[in-house]
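# Notes for the structure review
Take a look at the letters that make up each chain.
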There are 2 protein chains.
Amino acid sequence: MEKLENYYNQIKNSPVFFGMSDDELKGLLECFNARIRKYEKDEMIIRQGDMISNIYLILDGGVNIEKDSYWGRRIIISRLGKNDNLALSFVGSKDVESSVDAITVEDTLVLVLRYEKCTSMCQNACTRHKVLINNLFQILSKENIELIQKIENVSQKTIRDKLMTYLSNEAMKNHSNSFDIQFNRQDLADYLNVDRSAMSFELSKLQKEGLITYSKNHFELLS
Amino acid sequence: MEKLENYYNQIKNSPVFFGMSDDELKGLLECFNARIRKYEKDEMIIRQGDMISNIYLILDGGVNIEKDSYWGRRIIISRLGKNDNLALSFVGSKDVESSVDAITVEDTLVLVLRYEKCTSMCQNACTRHKVLINNLFQILSKENIELIQKIENVSQKTIRDKLMTYLSNEAMKNHSNSFDIQFNRQDLADYLNVDRSAMSFELSKLQKEGLITYSKNHFELLS
DNA sequence: ACATTTCTGTTGTTTTTACAACAAAAATAT
DNA sequence: ATATTTTTGTTGTAAAAACAACAGAAATGT
């Protein structure tokens, strides 16, 4: 069993608890009944239809937010990693069940926080709750903006445009034209909503034309 | 000039100010330096690149959240109406400029709230701010979930699937198989990211096959 | 080191879409 | 009421994507 103490510093600096004193953080972690849970690769943390009462903070590893469409096609909404959190929007909207799956893509360590428990106990009592809700508001804002960017990515009309938009956005995020992407080919295809083989073909075409170079997960935008 | 008082009840019951006493609301409106502004059809309330320091609450009318892609193609992210608000995620993320346009689709009345002004003055002082930030958190949660749904809509592979997913989701929202949609054909095409004429063709095919009926903006899902 | 599995790239064929051009219908202006 | 503009539906053609099938490369297990 992993110990909370080992991750104390990381938790303290995560966006959820950012700006809190040690005392506030300790109190809040108790109030949340915080515990660490380990998931193996390909495990489901959340399934479509679940009622969500916990917030999950990823301490280490990676998680896909996915949705299965009618005819079994997989849609990847986003890829989350260290210090990201899951399920925030579903605990924020009362009595709404999850519309997505959260699936680990590698062994993943998660801090589980009982959101309901905490809010019902001390919503109006504790001052630290105010800092928390402010943080959560900011986190959701960012998520929102990222979802809009995802919509931009998948809303391009050709595979080429989707790829170039996605890669440009990644370059911006990394402040460099040379960067690693988090997806493998199949996942990237499911994220951009295109056929993998057609996407691979387009990637090598882009490379031949000298617009990009890549090998495995490392990409570089040229010119 | 429209008077704030005329819309007092509506404002009081809007999600932003929900659950506040009259006193709290009045104080907060002052603190926000609230004023009403009228926009004509096709006016831009927000443009891509703007630094956002106001929250906008739509009192009456309709607004498209749009984005122009490289080659001038229009992407409609969402359509907002009465009691919805604009720009929340951009004031929530500090120092982030708007990645979208907000354009009125008809004459629109908006309550403008100076978010920055209020938070800097009384963030830690007033109790009403706590109710407010809680409300904002919930609103953002809902927006988040709706963005995910939009991603689901546009992530279907065929025009037919996009239409059926969109229409099914609208039917769910309206708790009925018979409902009006907010978009005209061109806007719907830009929302679903497809060619308008191809979409029109697919709509009539769906009608001929007996899956849906429609006339103008009224749709009905059959069986 | 070898066998096995997973991932990636390539190609040809079929399906779907975008695009363009136009006609009909509806809405708006005069 | 009539003219004008906007919206919607229809069709044919060209472009793009999905799909399927497979080969080579890379990663993994033993």
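The preceding data block contains the structure.
Residues numbered from 1 in each chain as written. Chains lettered and ligands numbered in written order. Predicted model: local features only at pLDDT ≥ 70, side-chain atom pairs only at ≥ 80, totals over all residues. Heavy atoms only, no water.

## Details of the overall build of chain A
- Across its full length, chain A holds eight helices and eleven strands.
- For chain A, the spread of C-alpha atoms along the three principal axes comes to 60 × 40 × 30 Å.
- Contacts in chain A between residues at least 24 apart in sequence constitute 70% of all its contacts with a sequence separation of at least 6.
- In the structure as shown, chain A presents an accessible area of about 10,700 Å², 46% of it carried by carbon and sulfur atoms. (Helix = DSSP H or I, 4+ residues; strand = E, 2+ residues; numbered from the N terminus. Contact = heavy atoms within 4.5 Å. Areas by Shrake-Rupley, 256 points an atom, 1.4 Å probe, with all protein chains shown as cover.)

## Some points on the sheet that holds strand E2 (residues 44–46) of chain A
Residues and elements named next belong to chain A.
- Taken together, four strands build an open sheet; the order of strands is E2-E7-E4-E5 and the sheet is antiparallel. Looking at strand neighbours, the two that pair on one side only are E2 and strand E5 (74–80), the edges of this open sheet. Neighbouring strand axes in the sheet, compared pairwise and without regard to direction, differ in orientation by 30° on average.
- Pairing of strand E4 (residues 63–68) with strand E7 (residues 101–104) involves four bridges; the strand directions are antiparallel. Within E7, the residue paired with Val 63 across the bridge is Thr 104. (Pairing = 2+ DSSP bridges. Axes fitted to C-alpha atoms, helices over the stretch in contact; angles between N-to-C directions.)

## Concerning the environment of A:Asn184
Residue and element names in this part refer to chain A.
- Along the chain, Asn 184 falls in the loop between strand E9 (178–180) and helix H7 (185–192).
- Owing to a relative accessible area of 41%, Asn 184 belongs among the partly exposed residues under this scheme.
- Along the sequence, Asn 184 and Ala 198 sit 14 residues apart, while their C-alpha atoms lie 15 Å from each other. (Buried < 20%, exposed > 50% of the residue type's maximum accessible area, 1.4 Å probe, protein only.)

## Topic: the pattern of salt bridges
- This structure, assessed with the given rule, holds 20 salt bridges over all chains.
- A:Lys67 is the salt-bridge partner of B:Glu152, the closest N and O atoms lying 3.8 Å from each other. Here the residue B:Glu152 occupies a position in helix H5 (residues 128–154), and A:Lys67 occupies one in strand E4, the pair thus bridging two chains. As far as the burial class goes, B:Glu152 and A:Lys67 line up, both buried.
- Note that A:Arg79 is salt-bridged to A:Asp187, the shortest N-O span being 3.8 Å. Taken together, the residues span a long stretch of sequence, with A:Arg79 in strand E5 and A:Asp187 in helix H7 at a distance of 108 residues.
- According to the relative accessible area criterion, A:Asp187 is buried, its value standing at 9%. (Salt bridge = Lys/Arg side-chain N within 4 Å of Asp/Glu carboxyl O.)

## Here we look at the protein's contact with DNA strand D
- Among the 18 residues in the neighbourhood of DNA strand D, the closest are listed as A:Thr158, A:Ile159, A:Asp195, B:Arg185 and B:Ser204.
- Looking at DNA strand D alone, sugar and phosphate atoms form 61% of those within 4 Å of the protein.
- Here A:Ser197 contributes a side-chain N or O atom positioned 3.2 Å from a base nitrogen of DNA strand D.
- Separating a phosphate oxygen of DNA strand D from a side-chain N or O atom of B:Ser204 is a distance of 2.6 Å.
- Elements with a contribution of two residues or more to the surface near DNA strand D: helix H7 (185–192) and helix H8 (196–208) of chain B.
- Of the residues belonging to the surface near DNA strand D, the class tally is four nonpolar, eight polar and six charged. (Near = heavy atom within 4 Å. Polar contact = N/O pair within 3.5 Å; in protein donor to acceptor, adjacent residues only side chain to side chain. Nonpolar A, V, L, I, M, F, W, Y, C, P; charged D, E, K, R; others polar.)

## Quick notes on the protein's contact with DNA strand C
- If you check the shell around DNA strand C, you find 18 residues, and the closest are A:Arg185, A:Ser200, A:Ser204, B:Thr158 and B:Ile159.
- Within 4 Å of the protein, the atoms of DNA strand C are drawn from sugar and phosphate moieties in a proportion of 62%.
- A distance of 2.9 Å separates a phosphate oxygen of DNA strand C from a polar atom in the side chain of A:Arg185.
- In the environment of DNA strand C, a phosphate oxygen lies 2.3 Å from a nitrogen or oxygen atom belonging to the backbone of B:Ile159.
- Elements that contribute at least two residues to the surface near DNA strand C include exactly H7 and helix H8 (196–208) of chain A.
- Element by element, the count of residues in the surface near DNA strand C is highest for H8(A), at five residues.
- Residue classes in the surface near DNA strand C are distributed as four nonpolar, eight polar and six charged.

## Digging into the interface of chain A and chain B
- Across the boundary between the two partners, chain A contributes 40 residues, which contact 40 residues of chain B.
- Together, A:Phe137, A:Ile148 and A:Ile151 form the three largest contributors to the area buried by chain A at its contact with chain B, with a combined 17%.
- Our count for the contact surface shared by chain A and chain B stands at two salt bridges.
- The tally of links from chain A across to chain B stands at six residue pairs in polar contact (both at pLDDT 80 or more).
- Of all elements in the fold, only E5, helix H3 (88–92) and helix H5 (128–154) of chain A reach the threshold of two or more residues within the side of chain A that touches chain B.
- Examining the composition of the side of chain A that touches chain B, we find that 18 residues originate from one element, H5(A), more than from any other.
- For the side of chain A that touches chain B, the class distribution of residues is 17 nonpolar, 15 polar and eight charged. (Buried area = accessible area lost by both parts, 1.4 Å probe.)

## So, the relation of the copies chain A and chain B
- For these two chains of identical sequence, chain A goes onto chain B by a turn of 180° and a shift of 0.0 Å along the axis, with RMSD 0.0 Å. Taken together, these values place the two copies in the relation of a two-fold axis.
- Interface residue correspondence from chain A to chain B reaches 100%, placing this contact among same-surface, isologous pairings. (Least-squares fit on C-alpha atoms with pLDDT ≥ 70 in both.)

## Overview of the packing of aromatic side chains
Residues and elements named next belong to chain A.
- For the coordinates displayed, the defined rule picks out twelve aromatic pairs over all chains.
- Judged by centre distance (6.4 Å) and plane angle (70°), the ring pair of Phe 17 and Phe 32 falls under edge-to-face. One end of the pair, Phe 17, is in the loop between helix H1 (8–13) and helix H2 (22–31); the other, Phe 32, is in the loop between H2 and strand E1 (35–39), with 15 residues separating them in the sequence. A single burial state applies to Phe 17 and to Phe 32, both of which are buried.
- One aromatic cluster is present, formed by Phe 17, Phe 32 and Tyr 115 through successive ring pairs.
- Here Lys 150 stacks its cationic end above the ring of Tyr 191, 4.3 Å away from the centre of that ring. (Phe/Tyr/Trp six-rings, centres within 6.5 Å; stacked < 30°, edge-to-face > 60°. Lys NZ or Arg CZ within 6 Å of the ring centre and 35° of its normal.)

Read these as geometric descriptors, not functional statements.
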